[in-house]
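# Examination of the molecular architecture
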Amino acid sequence: MFETIEWGIIAPLIVIELILKIVALISLSRTNTTYGPKWLWILIILIINTIGPVAYFIVGRRGDG
Amino acid sequence: MQWLTIFKRENLEAARNFKWVWVPLVFIILGVTDPLSTYYLPEILDSMGGLPEGATVDIPTPPPGEVLIMSLSQFNMLGVLIVVLMSMGTISGERKSGVAELVLVKPVHYHTYISAKWAGTLGIVAVSLFLGLLSSWYYTNLLIGDVAFGQFMQLFLFYGVWLALVVTFSLFFNTLFRSPGMVSFLTLAVVILISMVSNVLSHILTWSPGLMIPHLSTMLAEGSVPGELWAATSISLATIVILLIASTLVFRTKEMA
C-alpha cells in the first residue's frame, strides 16, 4: 500500500498537523490553570489528531478564554 | 481612530490565545480531507478488504467542481461548529470576567465595541475559509481535475456570506446571554433549524440562506449564477445588518440595567 502513496501529497498535511500540536503545547505550557490535569491534556493533544488540539483550545483553558 | 484601537485589541487578543493560528489550520485540514479521500478511495477500499476475490468496483470520480462542494459541506458541518465554539465567549466571556466593563468605562460607543468585535471574528473566519477552500482547490487541481480560479473565488465569496451570517447570529446571542454555553447552543440551534427547514421546504424557500450549497452546486454545473443564489445572498446580507443593529440595541439596554 505504501508504494502507491506519494508522500509529497501527504507531507503538507502531516506538517500542518504537527504545527497544530506544537502550538497547542506552547499554549498549554503558558497557561496556569486548565480544566483537568495538565498531563492529561498533553496526552490528548499528542494522541488524538486534529480533534485533540481543537478540544484543548475550546474547552481546555480556564479564565483567559 | 477609536474603532481601530478596539479592533487592534481584538486581534491582539485573538493572536494571544492562538485563534489566529489554530482556526486557519483546522480549516486547511478540513479542506484537504475531501480531495485526498476522493483520490485515494480505491486504495482505502483495498486496504479495508472484505471484497471477494476478483470483484471489481468502479467508483466514478466525481467532477472536480463537486469535490469543492464536498469540501464546502465539510465546512458547513465541522467548520460551522468550530466558528460557533470559537466565537461563543467573545462578548459573553468578557462580561463574565469584567473585561467588557473595563473597555466600556471609557467613552467607547456600544456600536464601536460591537462592530469591532464582529469585524475581528469575521476576519479570522474569512481568512480561515479562504485558506481552507484554497487548499481544497489546490489539491483538487493537483489530483482530480481543473477548476477555474474564478469559480473558486465565487464559491469563497458566496459561501463566506453564509458564514458571516453564522458569526453575526453568534454575536447577537452573545449580547443576550452571559453564558458562553447558552450562546453556542442557541446559535447552533438556529443554524440547524435554518438548514433543516430550508431543506424540507426547498421548493418554497428557494431564497433561504440555508440552501447556499445546493445553489452553488447548480452554479458550478451551469456556469452562471442562478437568481436564487443572489436572493439567498441578499437575504443573508440584510439579516446580518438587522442583527448587528439589534445586537447594539440589546447590548445597550443590557449594559444599562
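Scroll up a little and you will see the structure.
Scope of this entry: the structure provided in the associated data block. Model, not experiment: these values are computed from the prediction.

About the cut-offs
Each chain has its residues counted from 1, following the order in which its sequence is written. Naming scheme: in the order in which they are written, chains are lettered from A and ligands are numbered from 1. Reporting in this predicted model follows two pLDDT cut-offs: at least 70 for local features of residues, and 80 or more for side-chain atom pairs to be given and counted; totals over whole chains, interfaces and linings ignore these cut-offs and use all residues. Computation of side-chain values covers all heavy atoms of the structure but excludes hydrogens and water. Per the convention used, a helix needs a DSSP run of H or I reaching at least four residues, while a strand needs a run of E reaching at least two, with both numbered from the N terminus. Think of it in three bands: with a 1.4 Å probe and only protein chains considered, a residue is buried below 20% of the maximum accessible area for its type, exposed above 50%, and partly exposed in between. Residues count as neighbours in contact if any of their non-hydrogen atoms are within 4.5 Å of one another. The accessible surface values rely on the Shrake-Rupley method and a 1.4 Å probe; as for residues, cover is taken only from the protein chains in view. In this count, Lys and Arg are taken as positive residues and Asp and Glu as negative ones, while His and the chain termini are left out. In this description, the location of a charge corresponds to atom NZ of lysine, CZ of arginine, CG of aspartate or CD of glutamate. Only the contacting stretch of a helix is used when fitting its axis, a line to C-alpha atoms as for every element, and angles between N-to-C directions run 0 to 180 degrees. What sets the label is the angle itself: under 35 degrees gives roughly parallel, over 145 gives roughly antiparallel, 65 to 115 gives roughly perpendicular, and the rest give oblique. Handedness of a crossing is defined here by the sense of rotation of the near helix relative to the far one, left-handed for an anticlockwise turn of less than a right angle and right-handed for a clockwise turn. Using a 1.4 Å probe, buried area is obtained as the accessible area two parts lose upon being combined, added over both of them. For this document, the term salt bridge refers to a Lys or Arg side-chain nitrogen within 4 Å of an Asp or Glu carboxyl oxygen. Polar contact is defined as a pair of N or O atoms within 3.5 Å, subject to the rule that within protein one atom must be able to donate a hydrogen and the other to accept it, and that residues adjacent in sequence are counted only when both atoms are side-chain atoms. Each patch is built from residues that are more than 30% exposed by relative accessible area and take part in no salt bridge. Like charges join if they lie within 9 Å; nonpolar side chains (Val, Leu, Ile, Met, Phe, Trp, Tyr) join within 5 Å. Charged residues are taken to be Asp, Glu, Lys and Arg, nonpolar residues to be Ala, Val, Leu, Ile, Met, Phe, Trp, Tyr, Cys and Pro, and polar residues to be all remaining types, Gly included. For this analysis, a ring pair means two rings from Phe, Tyr or Trp (six-membered ring only for Trp) whose centres lie within 6.5 Å, classed as stacked if their planes differ by under 30 degrees, edge-to-face if by over 60, and tilted for the remaining angles. We define a nonpolar core as any set of buried Ala, Val, Leu, Ile, Met, Phe, Trp, Tyr and Cys residues linked to one another through side-chain atoms lying within 4.5 Å.

## A few points about the overall build of chain B
- Each helix and strand counted, chain B has eleven helices and zero strands in total.
- Listed N to C, the secondary structure of chain B is α-α-α-α-α-α-α-α-α-α-α in terms of helices and strands.
- On the principal axes, the C-alpha backbone points of chain B span a range of 75 × 40 × 35 Å.
- Relative to its 257 residues, chain B shows a buried fraction of 48%.
- Sequence-distant contacts in chain B: of pairs separated by 6 or more residues, those separated by 24 or more amount to 80%.
- Total accessible area computed for chain B in this model is approximately 12000 Å², and 71% of it derives from carbon and sulfur atoms.
- Averaging the positions of the 11 positive and the 14 negative side-chain charges in chain B gives two centres separated by 29 Å.

## Considering the environment of His215(B)
Residues and elements named next belong to chain B.
- Topologically, His215 is positioned in helix H10 (residues 212–222).
- Classification of His215 by relative accessible area gives buried; the value is 10%.
- Spatially, the C-alpha atom of His215 lies 22 Å from that of Asn141, the residues being 74 residues apart in sequence.
- Sequence-distant contacts of His215, that is, excluding residues within four places in its chain, are made with Thr206, Pro226, Glu228 and Leu229.

## Remarks on unusual backbone geometry
- The phi torsion at Thr50(A) lies on the positive side, around 60 degrees, for a residue other than glycine.
- On the secondary structure map, Thr50(A) appears in the loop between helix H2 (38–47) and helix H3 (51–60).
- Under the relative-accessibility criterion, Thr50(A) is labelled buried at 18%.
- We note that Phe18(B) has phi near 65 degrees; this positive angle belongs to a residue other than glycine.

## So, the packing of helix H8 (residues 149–176) of chain B against helix H9 (residues 180–200) of chain B
Residue and element names in this part refer to chain B.
- Put simply, H8 and H9 touch, their axes get as near as 9 Å, and they point 140 degrees apart. When the interaxial angle is binned, H8 and H9 end up oblique. H8 and H9 meet at a crossing whose hand is right-handed. Contacts between H8 and H9 pair Trp162, Val166, Phe169, Ser170, Phe173 and Asn174 from the former with Val183, Leu186, Thr187, Val190, Val191, Ile194 and Ser195 from the latter.

## Notes on the interface of chain B and chain A
- At the junction of the two partners, chain B supplies 19 residues and chain A supplies 23 residues.
- In total, about 1900 Å² of surface goes out of reach between chain B and chain A, with carbon and sulfur atoms giving 79% of it.
- Taken as a group, Phe18(B), Trp22(B) and Ile29(B) account for 30% of the area that chain B buries against chain A, more than any other trio of residues on that side.
- Taken together, the connections running from chain B to chain A amount to zero salt bridges.
- Taken together, the connections running from chain B to chain A amount to two residue pairs in polar contact (both at pLDDT 80 or more).
- Those elements that place two or more of their residues in the side of chain B that touches chain A are helix H2 (19–39), helix H3 (41–48) and helix H7 (110–143) of chain B.
- The element that contributes the greatest number of residues to the side of chain B that touches chain A is H2(B), accounting for nine residues.

## Observations regarding a nonpolar patch on the surface
All names here are of chain A.
- Together, Trp39, Leu40, Ile42, Leu43, Leu46, Ile47, Ile48 and Ile51 make up an exposed nonpolar region whose accessible area comes to about 790 Å².
- Examining the composition of the nonpolar patch, we find that six residues originate from one element, H2, more than from any other.
- Mapped onto the fold, Trp39 is located in helix H2.

## Concerning the packing of H7(B) against H8(B)
Residue and element names in this part refer to chain B.
- The geometry of H7 relative to H8 is characterised by a closest axis approach of 9 Å and an angle of 145 degrees between their N-to-C directions. Crossing of H7 against H8: the hand is right-handed.
- Class assignment of the residues belonging to the contact of H7 with H8 gives a composition of 20 nonpolar, four polar and one charged.

## As for the packing of aromatic side chains
- As enumerated under the stated definition, the model contains 18 aromatic pairs over all chains in all.
- Ring geometry for Tyr56(A) against Phe57(A): centres 5.5 Å apart, planes inclined by 55 degrees, an arrangement best described as tilted. Grouping residues by exposure puts Tyr56(A) and Phe57(A) together as buried.
- Between Phe149(B) and Phe152(B), the ring centres sit 5.2 Å apart and the planes meet at 45 degrees, which makes this aromatic pair tilted.

## Some words on the nonpolar core
Residues and elements named next belong to chain B.
- If you look at the biggest cluster of nonpolar residues, it comprises 86 residues, and the most contacted ones within it are Trp22, Leu72, Leu155, Tyr159 and Leu216.
- For this core, the element with the highest residue contribution is H8, accounting for 16 residues.
- Not counting residues within four places of it along the chain, the set of residues in contact with Leu216 comprises Ile69, Leu72, Leu155, Phe158, Tyr159 and Leu229.

## Focus: the side chain of Lys21(A)
All names here are of chain A.
- Within the secondary structure, Lys21 is located in helix H1 (residues 7–30).
- Note on Lys21: relative accessible area 10%, which makes it buried.
- When neighbours within four sequence positions are excluded, Lys21 is seen to be in contact with Ile45, Leu46, Ile48, Asn49 and Pro53.

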